[in-house]
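Single-letter residue listing:
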Amino acid sequence: MKYDRILLISIDALSKKYEYLFEDYFTTKYDKYRSTATWTLPAHLNILCGIPFPKLFIVSRMKDYDKYKDYASNIPTIATLLRDFDFKSRAVTGGGFMSSFFGWGNDWDKWETTEDSRNEWCGEKILPKKNELLFLHTYYVHNWFHANAKMKEAFLETKNKLDAGLPIDQKKYRALLKEGEKEYAKRAAFLAKKLSWIKNINRHTLVILLSDHAELFFGVGSFHHGNLALKNKKIFYVPLLLKENTAQKTVVTDYMYDYLIPKLIFDKLELPFESVAKRVLRTNAELKNELAMIYHSRFWKLLAFLRKIKKNSLFFRWQSCRKQKLLANE
Ligand SMILES: [Zn+2]
């Protein structure tokens with residue numbers, strides 16, 4: 001096998017525009033990589049499960065969260081697929097839509113979130129162990145509006161109004177976009193600098209850096225992500241960078257999508273790939289056969305048991321005794 005460790009990094013809401021900040025640490029760049037979702041939960045389902053979810057409604061109000069409780073726990077992820085090849089799995093995520101509330105981690109050996117550790121992973125060096133998949137996820141760039149209380153207040157007020165279709169203060173809105181993008185770019189640059197350790201990582205580690213969707217600062221109709229950005233295709237333009245066991249730099253110009261990430265990992269590891277969908281179908285068929293075998297053997301066991309009871313019953317003994325007596329009298 002070419003690699004015995006996998007490091008998968010997801011920088012939430014990082015646009016393709018800022019990919020250049022990270023490029024130096026990697027060997028392969030996918031120029032036409034596209035996300036197929038506009039917000040965190042479905043985008044990561046695509047990335048980690050390898051299934052293109054046609055529609056998963058956008059959750060913008062906290063009271064709607066309950067609808068998606070344990071949602072991800074019903075779908076096996078790449079952790080299940082890699083377990084077949086003796087790989088362990090560990091994740092450190094920013095929580096929120098990546099927390100165990102939504103079912104994440106049910107098939108992982110370890111799923112840590114900000115809620116558990118109180119500190120969000122923000123580019124610090126963490127390496128996968130031998131035969132381990134390590135998934136690191138951060139909201140640091142996504143949370144540009146947390147820069148200060150004033151910006152957070154302006155962002156939430158604007159977002160809530162736009163979500164509800166209410167008029168907004170245009171002057172305030174333009175100022176928010178300008179300041180917001182500046183802060184966002186600053187955060188992307190900070191994270192890129194912190195991730196410089198990737199450059200010297202063990203060559204038997206396959207490193208992948210990507211994002212789940214972009215972040216837009218264009219204006220009304222193309223702002224932020226989720227339901228406020230559905231009409232702008234740039235929301236799907238995100239980075240995909242690989243650090244491979246080669247010194248050669250490559251630019252892949254074929255189209256590539258988020259739900260193909262598990263297959264890409266298996267291909268790079270030179271392992272036979274079976275998609276989650278195929279695996280579910282196969283294991284269901286195997287389970288059906290197993291159950292049939294169990295019922296089949298139980299039926300014969302029951303029949304043998306009934307025969308034994310019949311043979312030992314008082315009525316049967318009395319009847320056979322009577323038969324013998326009758327035969328003796330003849
Ligand atoms: Zn996201």
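Every residue gets a number counted from 1 within its own chain, in the order that chain's sequence is written. Selection of residues for local features in this predicted model requires a pLDDT of at least 70, selection of side-chain atom pairs for listing and counting requires 80 or more, and totals for whole chains, interfaces and linings are taken over all residues. Excluded from the side-chain calculation are hydrogens and water; included are all heavy atoms of the structure.

Draft legend 1. Examining the coordination of the zinc ion more closely. Taken together, the protein donors to the zinc ion comprise Asp-12 (OD), Thr-40 (OG1), Asp-212 (OD) and His-213 (NE2), at separations of 2.0 to 2.1 Å. Seen from the zinc ion, its 4 donor atoms lie at angles of 98 to 119°, and the figure they make is tetrahedral. Coordination of the zinc ion draws on donor residues from a single chain, spaced D-x27-T-x171-D-H in sequence. Here Asp-212 lies in the loop between β6 (205-210) and β7 (216-219) and Asp-12 lies in the loop between β1 (5-11) and β2 (28-34), a separation of 200 residues in the sequence. In this structure, Asp-12 and Asp-212 share a single accessibility class: buried. Shown as donors are all N, O and S atoms within 2.8 Å of a metal ion, widened to 3.2 Å for Na, K and Ca; because water is not in the atom set, sites may appear incomplete. Donor angles set the geometry label: tetrahedral for four donors if every angle is between 85 and 135 degrees, square planar for four and octahedral for six if opposite donors exceed 155 degrees and the others are between 65 and 115, irregular for anything else. To qualify as a helix, a DSSP run of H or I must reach at least 4 residues; to qualify as a strand, a run of E must reach at least 2; elements of each kind are numbered from the N terminus. Relative accessibility decides the category of a residue: with a 1.4 Å probe and only protein chains considered, values under 20% of the type maximum give buried, values over 50% give exposed, and everything between is partly exposed.

Draft legend 2. A look at the packing of helix α4 (residues 149-164) against helix α5 (residues 170-194). Orientation is described by lines fitted to C-alpha atoms, with helices fitted over the stretch in contact, and by angles between N-to-C directions that extend from 0 to 180 degrees. The interhelical angle for the contact between α4 and α5, taken along N-to-C directions, is 120°, at an axis separation of 10 Å. With respect to α5, the element α4 is oriented oblique. Like other packed secondary-structure pairs, α4 and α5 cross with a definite hand, here left-handed. Residues Met-151, Ala-154, Phe-155, Glu-157, Thr-158 and Leu-162 of α4 form the contact with α5, whose participating residues are Lys-172, Tyr-173, Leu-176, Glu-179, Gly-180 and Glu-183. Lys, Arg, Asp and Glu make up the charged group, whereas Ala, Val, Leu, Ile, Met, Phe, Trp, Tyr, Cys and Pro make up the nonpolar group; the residues left over, Gly among them, are polar. For the contact of α4 with α5, the class distribution of residues is 6 nonpolar, 2 polar and 4 charged. Roughly parallel means an angle under 35 degrees; roughly antiparallel, over 145; roughly perpendicular, 65 to 115; everything else is oblique. Should the near helix be turned anticlockwise from the far one by less than a right angle, the crossing is left-handed, and should it be turned clockwise, the crossing is right-handed. Contact definition: two residues touch when any of their heavy atoms are within 4.5 Å.

The analysis is restricted to geometry; functional conclusions fall outside its scope.
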